[in-house]
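# Architecture at a glance
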Amino acid sequence: MIELLTETAIQEPQRIRGLEMPWNRVMGSPETPARAARALGPWHPQEFMAECVETVPEAGAMMTFVFRRCDGAPLAFRAGQYVNVAFPVNGEDQEPVDRSYSLSSSPTQPWTFSITVKCDPTGLVSPWVHENVRPGTILEMLGPVGAFHLPDADRRARYLLLAAGAGITPVMSMVRTIHSLPGHADVVVLYHGSDAGGFAFHRELAYIASVDSRFKVHYSLGDRSVPERWEGLRGRLTAAMLEEVAPDANGRQVYACGPEGYLNTATELLQKVGVDDTSIYMEFFSGDRQTLLEYQAEVALATDIAEEIAEEIADSAEDYFEGQPAAFGLYEPGYDADGTLEASGLPLEISDPEAPGSDPAVDSPGMEPEAGSPDASSFDTVGTGSLTMSFMRTGINVRIDPTEHILEVAQRAGVRIGANCKEGMCGSCKVVKLSGEVEMNHQGGIRAREISAGKFLPCCSTAQTDLVIDA
């Protein structure tokens, strides 16, 4: 080991003015390069399959899951955005449960990307994710989604990044992105936690702050007990704390992420120290019904855009990629009538012998009903109504009127169908219709591709004919 006996003064690097994302100039250039940039598409969410290639335990009961797209394409997004992921929580043969997680990696390294999930022991999805998602796991995703992100170009890049608990994940993407790019920036990070040992990414944040003079990172332990050796800040977010870490807060763009109460407090305090509303950007990790509706609307819009883009690419795939300049010929996916082909390359070999034995080569949607279904005419029939719904897995016929919502009638008859919002938003009640017609009035909880595959949301659907349902 080499011991450094003298300390060498290191000069500050020379940087260009401001901060600019790598795709910014390409988007502003003539048509051909711009088309190439659109191929990377951070403005266009896409539906894709992604394969987990690494899991990284983090402090604070969090785990980072690193993915790569199965079609070999990069995932283009803006730092701060999120993806919507379908998790087969109830088994591969059951409907997945959708959840949105912020991307914690940097879009400047788009060939793999990561989400970081905090395990909530009382939750439905996060414990399953921690327990089951391993290298080789393939999941269906939609993204990128979200308006909470760094600008594409900022001539005076001065940011105050506020995070509480798991709210550090999109902030970490912003930190990693700025650190990876040239340009003058001034970044203050204030990270609140409840446990001195629970600050995720603290080693990486310490490293970045030690080698990149553009960053200053502060920690605060909230109002919990503080160890004697704790050298960080103490207490919940206050105006005095904001003044201490960022006396010039009113000249910065503020990005804040965390629980609803934390963000509501942050909003009041930022206004108190003079930060204009137009300089404050919030991402709620928990929120009221209005927040939930806004997220559902974002995902629904992303779904529509993804389908439009997929159709556009499928219709003119060859022309689309032939029009790209050679400098962008890094990736040209194969296409067939069904869309993008899976990338060919080395098969993933899971190094963890205890990992689930799922076969990555198997397509996970698995929506086809089992062969050899029983005869519904032998089922018991319950309820009243002019139409009959046959639930093949449950083995029961349920009578229903065309004005009644299917979920309510089915559950009343003892058919087990999971449901959360019951308003066509969350998609948790999604089932497969084997035959018959329904009228569905959903609010973004199901994708057009799923509808084409025979799925529907019984919570917001009524029967128009006799139905046969895979539930």
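Thresholds, definitions, all that
As a convention, each chain's residues are numbered from 1 in the sequence order in which they are written. Thresholds applied to this predicted model are a pLDDT of at least 70 for local features of residues and 80 or more for the giving and counting of side-chain atom pairs; totals over whole chains, interfaces and linings are not thresholded and use all residues. The side-chain values count all of the structure's non-hydrogen atoms but skip hydrogen atoms and water molecules. We count a stretch as a helix when DSSP gives it H or I for four or more residues in a row; a strand needs E for two or more, and each element gets its number in order from the N terminus. In this analysis, two residues are considered to be in contact whenever any of their non-hydrogen atoms come within 4.5 Å of each other. Throughout, the Shrake-Rupley method with a 1.4 Å probe supplies accessible areas, and for residues the shown protein chains are the sole cover considered. For Phe, Tyr and Trp, rings pair up if their centres lie within 6.5 Å, where Trp contributes its six-membered ring, and each pair is then called stacked (planes under 30 degrees apart), edge-to-face (over 60) or tilted (otherwise). The rule is simple: take the accessible area with a 1.4 Å probe, protein chains only, and divide by the maximum for that residue type; under 20% is buried, over 50% is exposed, in between is partly exposed. Here a strand pair is declared whenever DSSP counts at least two bridges between the two strands. Every angle, taken between N-to-C directions, lies between 0 and 180 degrees, and every axis is a line fitted to C-alpha atoms, over only the stretch in contact when it is a helix. One less than the number of residues in a helix, times 1.5 Å, gives the span that helix is expected to have. To obtain the arc, one takes the directions from the helix axis to the C-beta atoms. Working definition: roughly parallel below 35 degrees, roughly antiparallel above 145 degrees, roughly perpendicular at 65 to 115 degrees, and oblique for all remaining angles. Two helices crossing with the near one rotated counterclockwise from the far one by less than a right angle form a left-handed crossing, whereas a clockwise rotation gives a right-handed crossing. Think of it like this: strands point away, you trace from the first strand over the helix to the second, and a clockwise trace means the crossover is right-handed. Salt bridges are identified by distance alone: a Lys or Arg side-chain nitrogen within 4 Å of an Asp or Glu carboxyl oxygen. pLDDT expresses how confident the predictor is about each individual residue, on a scale running from 0 to 100. Note on terminology: a nonpolar core comprises buried Ala, Val, Leu, Ile, Met, Phe, Trp, Tyr and Cys residues joined through side-chain atoms within 4.5 Å.

Right, let's get into the overall build of the chain. For the chain, the helix and strand inventory stands at 11 helices and 23 strands. Here the analysis covers contacts within the chain between residues at least 6 apart in sequence; of these, 68% occur between residues at least 24 apart. Here the chain has roughly 23700 Å² of accessible surface; of this, 49% comes from carbon and sulfur atoms.

This brings us to the packing of aromatic side chains. Inspection of every chain in the model, using the stated rule, returns 11 aromatic pairs. Seen from their ring centres, Phe48 and Phe113 are 6.0 Å apart, and the 85 degrees between their planes marks the pair as edge-to-face. Note that Phe48 is positioned in strand S2 (residues 46-58) and Phe113 in strand S6 (residues 113-118), a separation of 65 residues in sequence. Like Phe48, the residue Phe113 is buried in the burial classification. When the centroid spacing of 4.8 Å and the interplanar angle of 90 degrees are considered together, the rings of Tyr191 and Phe199 count as edge-to-face. For Tyr191, a relative accessible area of 1% translates into the label buried.

The next point concerns the pairing of strand S3 (residues 62-69). With 7 of its 8 residues buried, S3 lies for the most part within the structure. Where S2 and S3 come together, 8 bridges link them in antiparallel fashion. Bridge assignment links Glu51 to a residue of S3, and that residue is Arg68. What sits between S2 and S3 in their antiparallel hairpin is a turn of 3 residues, with Gly60 showing a positive phi close to 75 degrees. In this structure, S3 lies alongside S6, joined through 6 bridges in antiparallel fashion. From the neighbouring strand, Met62 faces S6, where its bridge partner is Lys118.

Pairing between the strands of a sheet is mediated by backbone hydrogen bonds and can be parallel or antiparallel. Here we have 5 strands laid out as an open sheet, ordered S11-S10-S9-S12-S13, and parallel in their pairing. Strands at the two margins of the open sheet, each flanked by one partner only, are strand S11 (215-220) and strand S13 (280-284). The sheet shows a mean angle of 10 degrees between the axes of neighbouring strands, direction not considered. Where strand S9 (residues 158-164) and strand S12 (residues 253-258) come together, 5 bridges link them in parallel fashion.

Let us look at the sheet that holds strand S18 (residues 396-400). With mixed pairing, 6 strands are arranged side by side in an open sheet as S16-S18-S17-S23-S19-S21. In the strand order of this sheet, the two ends are held by strand S16 (380-382) and strand S21 (455-456), each with one partner.

Moving on to helix H7 (residues 260-272). The end-to-end C-alpha distance of H7, which contains 13 residues, comes to 18 Å, matching closely the 18 Å that a straight helix rising 1.5 Å per residue would cover. Those residues of H7 that fall on the buried side of the exposure criterion are Tyr262, Leu263, Ala266, Leu269 and Leu270. In an axial view of H7, the angular spread of the buried residues amounts to 130 degrees, which keeps them on one side of the axis. Those residues of H7 that are exposed and aimed more than 90 degrees away from the buried face are Glu268 and Lys272. Backbone geometry just downstream of H7 places Gly274 in the positive-phi region, at approximately 100 degrees.

Before going further, it helps to examine the packing of helix H4 (residues 168-180) against helix H5 (residues 202-211). It is the contact of H4 with H5, at a shortest axis distance of 11 Å, that shows an interaxial angle of 30 degrees. The angle between H4 and H5 places the two elements in the roughly parallel class. You can see that H4 and H5 cross each other, and the crossing is left-handed. Of the residues in H5, those in contact with Ile168, Met172, Val175, Arg176 and His179 of H4 are Glu204, Leu205, Tyr207, Ile208 and Val211.

Another point: the pairing of S11. When strand S10 (residues 186-192) meets S11, the two strands line up parallel, connected through 6 bridges. Looking at S11, one finds that Val188 is bridged to Lys216. Where the polypeptide runs from S10 across H5 and back to S11, its parallel neighbour, the crossover connection is right-handed.

Inspection of the secondary structure puts Phe285 in the loop between S13 and helix H8 (289-315). Every residue in contact with Phe285, bar those within four places of it in the chain, is listed here: Ser102, Ala166, Gly167, Thr169, Pro170, Cys257 and Gly258.

Here we come to the pattern of salt bridges. For the structure shown, the criterion picks out 14 salt bridges. The salt bridge partner of Arg78 is Asp152, with a shortest N-O separation of 2.6 Å. A residue pair is termed long-range when its members are at least 10 positions apart, and Arg78 in the loop between S3 and strand S4 (82-87) and Asp152 in the loop between strand S7 (138-145) and strand S8 (153-154) qualify at 74 residues. Arg78 gets classed as buried once you look at its relative accessible area, which sits at 10%. With a closest N to O distance of 2.9 Å, Asp470 and Arg393 form a salt bridge. Of the two residues, Asp470 sits in strand S23 (residues 467-470) while Arg393 sits in the loop between strand S17 (387-391) and S18, which places them 77 residues apart along the sequence.

Averaged over every residue, the pLDDT of the chain is 82; residues scoring 70 or more account for 76%. Within the model, pLDDT remains below 50 along residues 356-371, and this stretch shows 20 contacts once partners closer than five positions in the same chain are excluded.

Looking now at the nonpolar core. Counting 34 residues, the largest nonpolar core has Tyr159, Leu161, Ile168 and Tyr191 as the members making the most contacts within it. Breaking this core down by element, the ones donating at least two residues are S9, H4, S10, H5, S11 and S12. With 6 residues, H4 is the single largest residue contributor to this core. Discounting residues that sit within four places of it in the chain, Tyr159 has contacts with Leu19, Leu150, Pro151, Asp154, Ile178, Asp186, Val187, Val188, Arg252, Gln253 and Tyr255.

Moving on to unusual backbone geometry. In this chain, Gly143 is followed by Pro144 through a cis amide linkage whose omega measures 0 degrees. One non-glycine residue with positive phi stands out, namely Ala61, at about 60 degrees. Along the chain, Ala61 falls in the loop between S2 and S3.

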